[in-house]
Amino acid sequence: MIFVTAEKLHFVCFLSLGLLSLPLLTECNKIRLVGTSRCSGRVEVYNNDVWGTVCDDQWSTTNADVVCRELKCGTVLEAKKGAFFGEGEGQIWLDDVQCLGSESSILKCSHRPLGENNCGHSEDAGVICSEHVRVVNGTNRCNGRVEVYHDDKWNRMCTSEGKAAVSEVVCRETNCGSAVTPAEAPYFGEAMLLGEVNSICFGNESSLSQCKHQEFKENCVDATVVCSNSKPIRLLNGTGRCSGRLEIYHEGQWGTICDDRWGMQEATVTCRELDCGAALSVKFKAHFGRGKGQVWLDDLECTGHEMSIADCPHRGFGEHDCDHNEDASVICSEFIRLVNGTDRCSGRVEVFHDGKWAKICKNWGNKEAAMVCQELGCGSPKASQEIFHFGDSGLRGYTSRCADNVSSISQCTFENYMGRCEGASISCSGIPSIRLVNGTDRCSGRVEVQNDGLWGTVCDDDWDIKDAQVVCRSVDCGTALTAKSGSFFGPGQGDIMLDDLGCFGNETSLFHCRHPTIGESNCGHSEDAGVVCSADIRLINGTDQCSGRVEFYHGGKWSSASSQHWGTNEVAVVCREMNCGNPVQFSGSYGRGGQLSWHTVSCSGRETSLAQCTFGPYARSSQDRTEEASVTCSGNVKLSDGHHRCIGRVEFFDKGQWGGVCGEAWDANDANVVCRQLNCGRNHKITTNAEFGRGSGPIWNSQIECNGLESSLSQCPQRPFRDKTCNTTLVAGVVCTGSLEARLIGGKDECQGRVEVRHGEVWQTVCDTDWNMSKAQMVCEWLECGNALTAPGAATFGQGIGSVVEADSCFDNVTTLQQCSVKGFRGARCGHDHDAGASCASPIRLVGGSGQCSGRVEVFYKSKWGTVCDDEWELANADVVCRQLGCGHAVSAPSSAHFGRGTGPIWLDNVECEGQEAALTHCKHPGIGQNNCGHGEDASAICLGSLEMPVITLSPAAEVKWGDRVEITCTVLTQQLGGTFVLKRTQDSVKVERFSENEAATFVLPNVDFSQSGSYYCEYQKKLPNQVIFYPPGATADLTVTVKLEKPSISLTSPHAMVIYSPDKISVPQGSSFSVTCSIHSSYPGGIFYLKEAHLNTSKAIPAFDHSVFFMAYFDFPEIDYKSQGEYSCVYAVNVSTRFFSSDPSKSLQVTVVATSSSVALGAVGGVLVVLLLALAIGFLLWRRRRMGAGTLVQFVNRFGGAINQDTEDMNSGRGPNTPVKEQKHSRGAEDNDADGDTSIESVSEELVGRVCYELEPLVFS
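These notes cover the structure that comes with them. (Residues numbered from 1 in each chain as written. Predicted model: local features only at pLDDT ≥ 70, side-chain atom pairs only at ≥ 80, totals over all residues. Heavy atoms only, no water.)

**A short note on the packing of aromatic side chains**
Here is step 1 of the chain: Applying the stated criterion to the full structure yields 20 aromatic pairs.
Here is step 2 of the chain: When the centroid spacing of 5.2 Å and the interplanar angle of 65° are considered together, the rings of Phe-352 and Trp-357 count as edge-to-face. The same class applies to Phe-352 and to Trp-357, which are both buried.
Here is step 3 of the chain: Here a set of aromatic residues connected by ring pairs shows up, and it is made of Trp-771, Phe-811 and Phe-825.
Here is step 4 of the chain: Directly above the aromatic system of Trp-763 lies the positively charged group of Arg-743, at a separation of 3.9 Å from the ring centroid. (Phe/Tyr/Trp six-rings, centres within 6.5 Å; stacked < 30°, edge-to-face > 60°. Buried < 20%, exposed > 50% of the residue type's maximum accessible area, 1.4 Å probe, protein only. Lys NZ or Arg CZ within 6 Å of the ring centre and 35° of its normal.)

**Some thoughts on the side chain of Thr-921**
Here is step 1 of the chain: Here Thr-921 shows up in the loop between strand E56 (906-908) and strand E57 (940-943).
Here is step 2 of the chain: In this structure Thr-921 comes out as buried when scored by relative accessible area, which is 4%. (Helix = DSSP H or I, 4+ residues; strand = E, 2+ residues; numbered from the N terminus.)

**Observations regarding the pattern of salt bridges**
Here is step 1 of the chain: Evaluated as defined, the whole model comprises 43 salt bridges.
Here is step 2 of the chain: Put simply, Arg-32 and Glu-44 hold a salt bridge, and the shortest N to O gap is 2.7 Å. Highlighted residues: Arg-32 in strand E1 (residues 31-37) and Glu-44 in strand E2 (residues 40-47), separated in sequence by 12 residues.
Here is step 3 of the chain: The class for Arg-32 is partly exposed, based on a relative accessible area of 32%.
Here is step 4 of the chain: The shortest N-O distance in the salt bridge between Arg-42 and Glu-44 comes to 3.0 Å.
Here is step 5 of the chain: For Glu-44, a relative accessible area of 6% gives the class buried. (Salt bridge = Lys/Arg side-chain N within 4 Å of Asp/Glu carboxyl O.)

**Here we look at the sheet that holds strand E63 (residues 1000-1005)**
Here is step 1 of the chain: Overall, antiparallel pairing links the three strands, which are arranged E58-E60-E63 in an open sheet. A single partner strand is all that each edge strand has here, and the edge strands are strand E58 (951-955) and E63. Direction aside, the axes of adjacent strands within the sheet are offset by 20° on average.
Here is step 2 of the chain: Relative to strand E60 (residues 966-971), E58 runs antiparallel, the two sharing five bridges. Of the residues in E60, the one forming a bridge with Ser-955 is Glu-967. (Pairing = 2+ DSSP bridges. Axes fitted to C-alpha atoms, helices over the stretch in contact; angles between N-to-C directions.)

**Points about the environment of Gln-752**
Here is step 1 of the chain: Mapping Gln-752 onto the fold places it in strand E47 (residues 752-759).
Here is step 2 of the chain: Under the relative-accessibility criterion, Gln-752 is labelled buried at 6%.
Here is step 3 of the chain: Placed 38 residues apart in sequence, Gln-752 and Thr-790 show a C-alpha to C-alpha distance of 9.5 Å.
Here is step 4 of the chain: Apart from the residues within four sequence positions on either side, Gln-752 is in contact with Leu-744, Gly-747, Phe-797, Ala-838, Ser-839, Cys-840, Thr-921 and His-922. (Contact = heavy atoms within 4.5 Å.)

None of the figures reported here should be taken as evidence of function without further support.
As structure tokens, then:
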């Protein structure tokens, strides 16, 4: 035996608690509030190492309450929408969040897949939490036990003197009105494992944090509070306090609630808030009479877990489309409720007696149990009541005695029980209000429901897997496998009770789902709905319907499977029976199943159902650490025979095998569901001609009819082909966007947005530095989205995440893009604020009219022409069509196939243009391919006529030097002179307007710089008395701003700066001195010359000095040595607008250092010879000049740039300095003539300068 000391035991306990809290800490680190305090701000979620926001679609107080609780921020005060705390950046991680209110993290609430949304950052959600106080365990958010945040932790508040002042502060801080003093202190449970504090307030504080708090040393009695509630509700005209027309108090007056979407979830919240027990039924159409005054609320969407009816999502106070004929009502149980049960018909029994709730002690009989079940509309008690136990409470206990003639528990006699009272629990059978008919077993068939003693069917309008889940749960049949429509199990008889059901999936009855009035429908029995449930097996707490903890129906009840001996055979059977494909994993953590009995399961792996396997009882001991069995399956859909997992032939798992899907009825909605289920983005293209082969399995003979919003293909209605079989040569396939090398994200549809490219499974954004229209055009064509209209940069469609790549040669064509997708793209230095985008427009045409400017509107998309539905079709839509076609303005927007019915797909529906859009597909619409129309609703347009596009010209050229003056001229051919020209740039929002009375307008860039390069185009607008005519945008012209540097010159200068040499080679005596001169013509000052030596790879740098546009620098060699010999060249470098540019190297100068062993005499002789040669040359020139009558004047330049003046008289004729000199006319090229006309140093020929020398100590040339 091992003994553990108390200290060690405490350590082990604390260590265990710490380890258990790690997952909670990890979850907490994934959410934050960005705003004014730690407990109010914009909600942000951490995923994939990036923070992102939450969209406010479906955002409610219940969602906000989960956030506040997760961040330990007290009670929710407000759920904010519309980017109340400012717009976030980057990703929007969550959308359509729908919490029940009991979740530990917002990430565990129902929501779209992470990153999937239809929102912008203007819809970022936020919350305001109470931060310092929370009210818990109450009947609504404005009453309960008080806990206070003090010393960085939550503490229980203890009752003490001054409670009234504290209550006022609590009610004020939680926006719950003023404090109310009940006749008797209510009981809201006891706090456990919290610190204890006493709070002292004056009563005028705005927050409990402003009160004084001190540790409480005495026996603590939990402080409670009951507030008046800032939005109280009441029931009027009913038979008692808990039935009647519902009214809510707002802005000083009472008003009613409209019965649109009124259902059991809303009734449950109402009854709880009024402390009226359980909701028994909802009533419509002013059942308890018409109210007066305001209709305050409409379109309520409660989950059933909200603490107050005002906390449910709704249109907004005073926003409605109802009158008092639609006032909502409710009937609550009033005196009886069941608490902590598995459904509304089970739980711990509590009664309302003497103005408060109390529990019934366990020693009661079947008569009382039957009365409770009947009073709650729950049928009769189930047998063996002693096995049901739904916990206990600290409420006061009573025993009950009921006479034989009573019909309600409230009519019984209650006596206070002084001993230990264990609360009675009950589980009622429930009235079988639903059944499955004509199926293959007890858990499949046509759905029928009972109302007022009559059975009727359910219409399949909006019938989906969520509705089927409610049915399967109601009939105790495990998990819903498929939702059947089109009277799959045969047509029923009698009334059609329910239509247009909208279940969340967590309801306990179809009647609790949203629906029109019972008995109202627009269906026939050919539309009767059906379901197929898993019958004997269900998967609990999984991430989808193909994963979770395994529970099976055995011996008339549900049991858990022990993980002992659980392996691949058993998992294969479960996946097969659930139609979930292949087994992936046979272990995992999906929670514990509570009080279910356990069994061991043994399968061979060939069974079609788990019920065919062998079961054995499994007795668990208190020390047993065996877990319940779990399973993860691959899912029931895969894509086969494509080059990527997101492209290929669609295969669906059914009846234990994989098979293809018939392509006859395959459409874009079906393909979208497949792509979403496989986490492959959206549908890019569907195929039906077996492009990916037929496969080896069967082709399922069913029509799949998805609406495009389902999360898996099994959720879509499926019905067999009527009076025919599938043409098996047509096999469904899909190309999802996840398989493409490029995609557009963040736009209105998949044809506009931020450009992202794929390398492997990683998506990267593109830098906008070298992004242009031609590259955008390539992307548009590859995505089959038509032509590129704009190629914006600067993260126009929002900033992406991950790495950024260069817009280089990878975007030259589709082939290079595909090659780079495999090999990888070159990384860029851009940030995501420079993400490139593209806006494509599908080509359109008008068909069936009198010419190209009138007819039925057709759109070319995915290589197919399709029509546009006339829902919401107006003149503004037609105007966009006409302008896109260059047909002027629209004069009419006919509907109802005015120019005849089209064929093929209907690409657009519910189009809503503002009139300024550049293309029809840029208008607001649900999505390309999404419609509910036929070709009898094809839209048309009749246009005014052709309008010419303005033409753009760039002067002096399309490529200019930095600093040049550029003129951009827009010209239009029109009779409507006197309009406004608009110059725009595709990369950003640059927009310049100029009114002109003529047919042209010129925009001047006086000193162009790099920021002004880009693709420009012109627009023209003519304002008429009643409208503005927008001419079609003109073609783009690319303006490129460059810096071009000439090749510099290299030369030598004598020590006396009298002669300039420009040889290719030179020999220099050791110890001599000379200078190398670098020079260049340039319009860019402030540069630096580099003298580079090739062999030693060395360089010297000297700033250049200038003479107007001529720049030079001298590199002195005061006493040359052998180490200085080598091959020299000049390079000019300059920094222009923060960018560095350098010229090509000049021609090279070879410098050789020779020894000084030659005698001075030799040098002198050499010098004399040179002087004699010079004298002979001068004599010859004088003779020639006198003979020819003309000569050439060579001017030398000193180091300071000035010409060396000729002081002496002309040696030929004695003329003065002002006497003109005639030049000998002889044949010369154009270049020489230009040189003669220019007397600056730049025009002196290097060849001439190199030949003329004037030096006392000449250098020695080799």
